[in-house]
Structures are given as structure tokens and as C-alpha cells.
Amino acid sequence: MDGEANSLETIINNNLNGYDLEQYNRIYYGRRNHLNVPIKESSKDKSEEFDFDIIAYSFPAKNEQIRPARIVKIGVIQHSIVVPTDQPISLQKAAIFDKVKVIIETAGDEGVNILCLQELWNMPMFVATREKQPWCEFAESAEDGPTTRFISELAAKYSMVIVSPILERDENHSDILWNTAVVISDNGNVIGKHRKNHVPRVGDFNESTYYMEGNTGHPVFATRYGKIAVNICFGRHHVLNWMMFGHNGAEIVFNPSATVGGDTGSEYMWNIEARNAAITNSYFTAAINRVGNERFNSEFTSGDGMPAHHDFGPFYGSSYICAPDGVRCPGLSRTRDGLLIGVLDLNLNRQVRDRTCYQMTQRLELYVNSLSKVLDIDYKPQVVYEKRK
Ligand SMILES: NC(=O)NCCC(=O)O
């Protein structure tokens, strides 16, 4: 029954073995062997004690004569909320902080250099409700709110860059809200922030009730460990969004998300979108999704004819990392909290570009020309009809 499978990988591993499993891995993931990286015993103990999964994979590149390898360890964390959504906001946040802190510390102990949390990680996805109170009270300053202070301390402690996607309240601009990823450096300073470019108007994702499309463009953050960008959730459906981060020099693009399965959900697209972005832009991508069901006191509808309901979900997790050659690792669980680590050699980006020439053959001038015509109010679509005699 839908919603019960722990992961796609569990289904495959329960049903295939030997030659068939090897061939499946080669064809689906892009390599026969997943190249697991050992996890410390102390981290395994923590994951058992605090009930989260932990797994690491390597994405090597070929040795080059001139450039040394550029190894960077990235981590992504997926998790559920902790206490019911009718509890006081401070309690809901504190409970998530307590849970996620243990997983961040484990990432730090594993030597992760760059860590990304899920979209709006410190709150439930109340956007389904369309209610303003009390939910807007989750919003905080990106620069010096309690969540940024909490994450900054951990970033400095572990010399780890941390991407912290939150609901931002912009006090300098009339208190308005944004869906914002705050990028915190390895010494705990805020390097900058990116606001979600594409805001969903689909199903229970009534996010446009709360915030507008972002105004920060496509920033790439030059961190100590590499150039990173953040394509927040719904932006993964928009190829130009991914592309612009590539033009600005991103080596790794994180896609912190909150997205659901079920009959009308996005689960069947999940495996494709961040992977396709890695391939077409020749950079690493990491897609992160929360887990669990979230229940709200007030019933809400989605404008799709379905009966009003209280539950938002299931959020199907399945976070994964993809290399620029399209090779990806198995996903985390669909249902459990988890820390996924990737050991990347960033030299692979240029090696793939040299091999595939996807950038060189991109024909940007063709599309600039065509798109400028599309934007003309009198645009006539270029359709060719048969001339029947
Ligand atoms: N949070 C968010 O943008 N979700 C949109 C649903 C989807 O398309 O994945």
C-alpha cells in the first residue's frame, strides 16, 4: 500500500540480487557499485540512540596532472516535526532544534564541510492552512534571529558551512515575509541569503498566501569549501532557475524541499528533476525533502474537489545527491529522519564539461533571441501547418 515502503531501494533490494541487482544499479543509478564510505562507530551509535539513518557515498573524479583533487564532504538532513502543531510555537521550535542539533553534531563529527537543511526546517508546513495566526510568528530575521544564532554557533564549532532555509521576516522592509535560505560560513558568519524564486500554487501548497517570489536573483556563495547555490523546492520544476545558478559558477546546488506523495503528489518526478539539473548544468545537486505527516487543527481544502482535511503529507523524504555525470546515490528513507553524506571531488564538474560539451553546445544566443520574441505581447507561436490542396 502507498505510504508504507521505506524507500525505493528497499523495494529493489528485497526483490533483486546478484547480476540483476548489479545491472539495475548500473542502468538506474549510473554505476554498479554505490561506493559506500565508512561511518564512524560513534556516529552509528548516535543514529541508533536518536533514531535516524546515516549513510555516506563517494563521488570520485579522475586524477589530473595539473589540478589536485578538490574533495569536499557535503551533508543533507531530512526530518519530521516533533510535537503537535497546536503546541506553543516556542515549544515546537525548541523540539525541532533539539532533534536536529544531534544530527548536525553527527555531521560535524563526520567531518562534513557543507551541510544543508530542508526547506522551512524549523517549523511545520502550515502553508496548507492559509491561516495567518499563529503561523506567521514562526518568521524570524535571517541575519540575527534565534535560528540563525543557533545554526551559527554549530557552524563555527564544526567549521562547517550550513544552509538554513527558514521563513524570513524582513524588518527593514515593512515586516514582510520571505521563504529564505540563509548561508552561514564555517566561522559562523552569515555569508548571505537567497529567497525562493518560484512559489507554488498547487494542491495544499498555498504558499503564495504568505510570501511573494524572491528578489535575490541567483546568487552563488563562495564558501571556504566551494561555490554553492540554493534552489528552493518548487524552483526545481524550472530549468532556467537551475541554469542561472550554473552561469553564476555554482559547483553544488542544494534543493531544500517540502513536497508530498500520494496520487497527485510529486514523488514520481523527484528522482528526475535534481538529477536532470546536475546533468544539464554539469554540477553536483542535492535534493532534500522532509518526512512525516503534519496535522493541523483547522480543516483546509485545496481547490481540487477533494474533501476538506486536517493532514498535510505524506512528505516522502528520499533525499539524494547527484553528480554532474548524472550518477546518483540511493535515496534516504521515505519515512525516517536521516543524514546523507557525499564525498565529492569537485574536479568532476570540469571533467564532465570537457567530455560532454553540454555548456559549449548550449546555444544561449538562439534562446535569448527566441525568448525575447516570446515576451512580445503580439507573439505568434512558431507553428507550421500543412498546406492542404
Ligand atoms: N514547498 C514547495 O514548494 N512545494 C511544492 C510542491 C512541489 O511541487 O514539490
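Throughout what follows, the structure given in this document is the object of discussion. (Residues numbered from 1 in each chain as written. Predicted model: local features only at pLDDT ≥ 70, side-chain atom pairs only at ≥ 80, totals over all residues. Heavy atoms only, no water.)

1. Thoughts on the overall build of the protein chain
Here comes step 1: Tallying secondary structure elements over the protein chain gives nine helices and 14 strands in all.
Here comes step 2: For a compact globule of 389 residues, the expected C-alpha radius of gyration is about 21 Å, and the protein chain comes in at 21 Å, within 12% of that figure.
Here comes step 3: Viewed in the frame of its principal axes, the protein chain has a C-alpha envelope of about 65 × 55 × 45 Å.
Here comes step 4: Burial status across the protein chain gives 52% buried among its 389 residues.
Here comes step 5: Intrachain contacts of the protein chain at a sequence separation of at least 6 include 70% that bridge at least 24 residues.
Here comes step 6: Element-wise, carbon and sulfur atoms account for 53% of the exposed surface of the protein chain, whose accessible area totals about 18500 Å². (Helix = DSSP H or I, 4+ residues; strand = E, 2+ residues; numbered from the N terminus. Rg over C-alpha atoms; globule rule 2.2 N^0.38 Å. Buried < 20%, exposed > 50% of the residue type's maximum accessible area, 1.4 Å probe, protein only. Contact = heavy atoms within 4.5 Å. Areas by Shrake-Rupley, 256 points an atom, 1.4 Å probe, with all protein chains shown as cover.)

2. Observations regarding the site of the ligand
Here comes step 1: Around the ligand, the surrounding shell holds 13 residues, and the nearest of these are Lys 196, Glu 207, Arg 236, His 237 and Thr 259.
Here comes step 2: Take Glu 207: an N or O atom from its side chain is 2.7 Å from a nitrogen atom of the ligand.
Here comes step 3: Contact between the ligand and Ala 258: a nitrogen atom at 3.2 Å from a main-chain N or O atom of the residue.
Here comes step 4: The fraction of the free accessible surface of the ligand (280 Å²) that becomes covered by protein chains is 96%.
Here comes step 5: Here the ligand is seated within the largest pocket.
Here comes step 6: When the residues that make up the shell around the ligand are grouped by side-chain class, the tally is six nonpolar, three polar and four charged. (Near = heavy atom within 4 Å. Polar contact = N/O pair within 3.5 Å; in protein donor to acceptor, adjacent residues only side chain to side chain. 1 Å grid on protein atoms, 1.4 Å probe; cavity = no way out; pocket = protein on both sides within 12 Å on 5 of 7 lines; lining within 4 Å. Sits in = over half its atoms within 2 Å of the grid points. Nonpolar A, V, L, I, M, F, W, Y, C, P; charged D, E, K, R; others polar.)

3. Examining the sheet that holds strand E13 (residues 320-322)
In sheet architecture, strand pairing relies on hydrogen bonds along the backbone and comes in two forms, parallel and antiparallel.
Here comes step 1: Across the sheet, five strands lie side by side as E7-E8-E9-E10-E13; this open sheet has mixed pairing. Edge positions in the sheet fall to strand E7 (221-223) and E13, since each has one partner strand and no second. Put simply, the sheet's adjacent strands are angled 25° from each other on average, direction ignored.
Here comes step 2: One ladder, built from three bridges, connects strand E10 (residues 284-289) with E13; its direction is antiparallel. Within the sheet, the bridge partner assigned to Ala 286 lies in E13 and is Ile 321. (Pairing = 2+ DSSP bridges. Axes fitted to C-alpha atoms, helices over the stretch in contact; angles between N-to-C directions.)

4. Digging into the layout of surface pockets
One way to see where empty space is left: roll a probe the size of a water molecule over the atoms.
Here comes step 1: Put simply, the largest pocket is a space of about 680 Å³.
Here comes step 2: Lining the largest pocket we find 30 residues, and of these Asp 204, Val 260, Gly 261, Thr 264 and Gly 265 sit closest to its centre.
Here comes step 3: Of all the secondary structure elements, the ones that give two or more residues to the lining of the largest pocket are helix H7 (267-281) and strand E12 (309-316).
Here comes step 4: It is E12 that contributes the most residues to the lining of the largest pocket, five residues altogether.
Here comes step 5: Classifying every residue of the lining of the largest pocket by side-chain character gives 13 nonpolar, eleven polar and six charged. (Points joined across faces, edges and corners; volume = space filled by probe spheres on them.)

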